[in-house]
Amino acid sequence: MSNAEVVNIDRSWTVTKVVALVVAILSAGYMAPWAVAAIRDVRHWSVFWVNLLLGWTIVGWIFALVMSLRARREVIVY
């Protein structure tokens with residue numbers, strides 16, 4: 001009898017899987033101001049560009065978050 005075993009040669013390490021998960025979570029957090037703006041129906045494209053281009057600085061990310069939380073423009077229709 002043989003104790004042969006089939007093993008995937010492209011198997012990734014546990015560290016790689018953890019790093020991939022952390023990067024995915026951080027990416028979602030990085031674009032969070034844009035998601036908030038889109039959900040709240042504020043001008044989300046301006047928030048998107050500020051967040052994308054300046055979000056890597058903490059000040060830019062906070063500025064994008066403040067933009068996404070500003071008051072919505074509403075019109076009263078009779």
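Our structure's up above, just so we're on the same page.
Residues numbered from 1 in each chain as written. Predicted model: local features only at pLDDT ≥ 70, side-chain atom pairs only at ≥ 80, totals over all residues. Heavy atoms only, no water.

1. Regarding the overall build of the protein
Argument step 1. Scanning the protein from N- to C-terminus turns up four helices and zero strands.
Argument step 2. Scanning the protein from its N terminus toward the C terminus, one meets helices and strands in the order α-α-α-α.
Argument step 3. Relative to the globule expectation of 12 Å for 78 residues, the C-alpha radius of gyration of the protein, 22 Å, shows a markedly less compact shape.
Argument step 4. Counting only C-alpha atoms and orienting by the principal axes, one finds that the protein spans roughly 85 × 35 × 15 Å.
Argument step 5. Here the protein, with 78 residues, has 17% of them falling under the buried criterion. (Helix = DSSP H or I, 4+ residues; strand = E, 2+ residues; numbered from the N terminus. Rg over C-alpha atoms; globule rule 2.2 N^0.38 Å. Buried < 20%, exposed > 50% of the residue type's maximum accessible area, 1.4 Å probe, protein only.)

2. What to know about the environment of A37
Argument step 1. The residue A37 is located in helix α2 (residues 32-40) in this model.
Argument step 2. A relative accessible area of 0% means that A37 is categorised as buried.
Argument step 3. Taking C-alpha positions, A37 is 10 Å from A71, a pair spaced 34 residues apart along the chain.
Argument step 4. With residues near it in sequence (within four places) discarded, A37 still touches V42, H44, V47 and S68. (Contact = heavy atoms within 4.5 Å.)

3. So, the nonpolar core
Argument step 1. If you look at the biggest cluster of nonpolar residues, it comprises six residues: A37, V42, V47, V50, A64 and M67.
Argument step 2. Elements represented by at least two residues in this core include exactly α3 (44-54) and α4 (58-69).
Argument step 3. Beyond its immediate sequence surroundings of up to four residues, A64 is in contact with P33, V47, V50 and N51. (Core = buried A, V, L, I, M, F, W, Y, C linked by side-chain atoms within 4.5 Å.)

4. Focus on the environment of G60
Argument step 1. Along the polypeptide, G60 turns up in helix α4.
Argument step 2. Assessed through its relative accessible area of 6%, G60 is described here as buried.
Argument step 3. When the C-alpha positions of G60 and V75 are compared, they lie 30 Å apart, and in sequence the two are 15 residues distant.
Argument step 4. Excluding anything up to four places from it in sequence, G60 contacts V50, L54 and G55.

5. What about the side chain of N51?
Argument step 1. Tracing the backbone through its elements, the reader meets N51 in helix α3.
Argument step 2. If sequence neighbours within four positions are ignored, N51 has contacts with Y30, M31, P33, W34, W61 and A64.

6. Quick word on the packing of α2 against α3
Argument step 1. The N-to-C vectors of α2 and α3 enclose an angle of 180°; their axes lie 9 Å apart at closest approach. One element, α2, and the other, α3, form an angle in the roughly antiparallel class. Across the interface between the two elements, P33, W34, A37 and A38 of α2 pack against H44, W45, V47, F48 and N51 of α3.
Argument step 2. Here the contact of α2 with α3 is composed, by residue class, of seven nonpolar, two polar and no charged. (Axes fitted to C-alpha atoms, helices over the stretch in contact; angles between N-to-C directions. Parallel < 35°, antiparallel > 145°, perpendicular 65-115°, else oblique. Nonpolar A, V, L, I, M, F, W, Y, C, P; charged D, E, K, R; others polar.)

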